[in-house]
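Each chain, letter by letter, is given below.
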Amino acid sequence: MLSERRLEVLRAIVQDYVGTEEPVGSKALTERHNLQVSPATVRNDMAALEEEGYIAQPHTSAGRVPTDKGYRLFVDKLADVKPLSTPERRAIQSFLESAVDLDDVVGRTVRLLAQLTRQVAVVQYPSLSRSTVRHVELLALAPARLMLVLITDTGRVEQRVVDCPAPFGETSLADLRARLNSRIVGERFTDVPPLVADLPDSFDAEDRGTVSTVLSSLLETLVEETEERLMIGGTANLTRFATDFPLTIRPVLEALEEQVVLLKLLGEAKDSGVTVRIGHENAHEGLTSTSVVSVGYGSGDEAVAKLGVVGPTRMDYPGTMGAVRAVARYVGQILAEN
């Protein structure tokens, strides 16, 4: 265990390095921070921190910089999440409340996160597997062709055209619409199949084929991997941190282009509470020079998707964690209200 004084020295090194982009020396630390010890004592503390792997010397004449291990200790023990100011919170709420549909909510969230944190923002669309049914609409397009519209509790809309084996009258259509909604509204997607299994048997023989076809289309919509969607923004922000990446930022950019990599990253976030993955804690080789700050968001107590940011390990962790947490909370409120 590190002493309280050495923890304070580590905190000061992280804060100075994030703020100045320059390796930190003992003289600068004693001048900038009220450590109440001599530069010689600070030098000894820095030597101990270096020996234990919390800081490193990038080249011989320089000061010290935090390692992944140092940042991890800072995040776990030393960083207080920085709350957003009242004007910032009002601006977030106003910006998100102006969204017209789910795509707009996700798009605005990405732009907002990228602007607030000046990092790359990634937002996953609400997962259908965790959603509940808000409404099912059936519309007649032709005597034997229907439009099936599924609306989720998060505002997501899935549409599908259904070709029926026989013409389906307006009365039968209204009957099927009413019975479907009475059985499955408010139910989780995973619970729907047994609730509608016997529905065709309750219709006249000539309509059963069409009812079965509609149900097949509905169930296909429920089980499709349509939740594997996300939106990314602010990639240009990485160019401001080019010196933070060894040799080149190209591996980072290539990793960000792989949706499966980003979905896996977000999948590691906890449903509640902010998750921080630092440097080599990220399994993908292209992201070992980055940190990922992520959190779940949802319209109730349970997260329906994840959002987060990707940036260099030299990151303002308290500010970034505060922004990610606040944006997730407001997105959840918007989904719940709409």
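Residues numbered from 1 in each chain as written. Predicted model: local features only at pLDDT ≥ 70, side-chain atom pairs only at ≥ 80, totals over all residues. Heavy atoms only, no water.

- The chain carries the name Heat-inducible transcription repressor HrcA in an unreviewed UniProt entry, which gives Streptomyces radicis as its organism.
- Reading the Function (unreviewed entry) entry of the UniProt record for the chain gives the comment "Negative regulator of class I heat shock genes (grpE-dnaK-dnaJ and groELS operons). Prevents heat-shock induction of these operons."
- Entered under Sequence similarities (unreviewed entry) in the UniProt record, the comment concerning the chain runs "Belongs to the HrcA family." (UniProt positions renumbered as here; feature names shortened; annotations may be inferred.)

1. A look at helix α1 (residues 4–20)
Here's step 1: Look at α1: 24 Å from first C-alpha to last across 17 residues, which is about the 24 Å you get at 1.5 Å a residue.
Here's step 2: In the core, the buried residues of α1 are packed alongside α2 (26–32), α3 (39–51), β1 (55–56), β2 (65–66) and α4 (68–78).
Here's step 3: Positive phi shows up at Glu21, right after α1, with a value of about 65°. (Helix = DSSP H or I, 4+ residues; strand = E, 2+ residues; numbered from the N terminus. Expected span 1.5 Å × (residues − 1). Contact = heavy atoms within 4.5 Å.)

2. Describing the nonpolar core
Here's step 1: Judged by nonpolar contacts, the single largest core of 60 residues is most densely connected at Leu29, Tyr297 and Tyr317.
Here's step 2: Among the elements that take part in this core, helix α12 (residues 317–337) stands out by supplying eleven residues, more than any other.
Here's step 3: Here this core spans two domains, and each of domain 1 (4–78) and domain 2 (86–126 + 228–337) adds at least three residues to it.
Here's step 4: Leu29 has contacts with Val9, Ala12, Ile13, Asp16, Val24, Leu35, Val42 and Met46, leaving out every residue within four places of it along the chain.
Here's step 5: Val133, Leu146, Leu148 and Leu173 belong to the second-largest nonpolar core, a separate cluster that totals 24 residues. (Core = buried A, V, L, I, M, F, W, Y, C linked by side-chain atoms within 4.5 Å. Buried < 20%, exposed > 50% of the residue type's maximum accessible area, 1.4 Å probe, protein only. Domains from an automatic or database assignment.)

3. Describing the packing of aromatic side chains
Here's step 1: Here the structure, examined in full by the defined rule, presents one aromatic pair.
Here's step 2: Aromatic side chains Tyr71 and Tyr317 sit 5.6 Å apart centroid to centroid with 50° between the ring planes, which places their arrangement in the tilted category. One end of the pair, Tyr71, is in helix α4; the other, Tyr317, is in helix α12, and 246 residues separate them in sequence.
Here's step 3: Just above the ring of Phe95 sits the side chain of Arg108; from NZ or CZ to the centre is 4.9 Å. (Phe/Tyr/Trp six-rings, centres within 6.5 Å; stacked < 30°, edge-to-face > 60°. Lys NZ or Arg CZ within 6 Å of the ring centre and 35° of its normal.)

4. Observations concerning the pairing of strand β3 (residues 120–124)
Here's step 1: The element β3 is largely enclosed, with a buried count of five among its five residues.
Here's step 2: Here β3 shows no split at all, with Val120, Val122 and Gln124 on one side and Ala121 and Val123 on the other all buried.

5. Re the packing of helix α7 (residues 170–184) against helix α9 (residues 205–223)
Here's step 1: At a minimum axis separation of 12 Å, α7 and α9 run at an interaxial angle of 45°. Classed by the angle they form, the pair α7 and α9 counts as oblique. α9 is crossed by α7, and the crossing has right-handed handedness. For the pair α7 and α9, contact is made by Ser172, Leu176, Leu180 and Ile184 and by Asp207, Val211, Val214, Leu215 and Leu218, respectively. (Axes fitted to C-alpha atoms, helices over the stretch in contact; angles between N-to-C directions. Parallel < 35°, antiparallel > 145°, perpendicular 65-115°, else oblique. Left-handed = near helix turned anticlockwise from the far one by under 90°.)

6. Concerning the side chain of Thr290
Here's step 1: Secondary-structure assignment places Thr290 in strand β9 (residues 290–297).
Here's step 2: Polar contacts involving the side chain of Thr290 include one to the main-chain carbonyl oxygen of Leu287, which spans 2.7 Å.
Here's step 3: Beyond its immediate stretch of four places on either side in the chain, Thr290 contacts Phe245, Val252, Arg277, Ile278, Gly279, Asn282, Val310, Gly311, Pro312 and Thr313. (Polar contact = N/O pair within 3.5 Å; in protein donor to acceptor, adjacent residues only side chain to side chain.)

7. A few points about α7
Here's step 1: For α7, which comprises 15 residues, the first-to-last C-alpha distance of 21 Å matches the rise-based estimate of 21 Å (1.5 Å per residue) to within 8%.
Here's step 2: Residues of α7 that are buried: Ser172, Leu173, Leu176, Arg177, Leu180, Asn181 and Ile184. One side of α7 holds all its buried residues, which, seen down the axis, span an arc of 160°. Set apart from the buried face of α7 by more than 90 degrees, the exposed residues are Thr171 and Ser182.
Here's step 3: Buried positions along α7 lie against β4 (133–142), β5 (145–152), α8 (192–196) and α9.
Here's step 4: Positive backbone phi, approximately 90°, marks Gly186, located one or two places after α7. (Arc of directions from axis to C-beta.)

8. Describing the side chain of Thr221
Here's step 1: Inspection of the secondary structure puts Thr221 in helix α9.
Here's step 2: You can call Thr221 buried: its relative accessible area is 5%.

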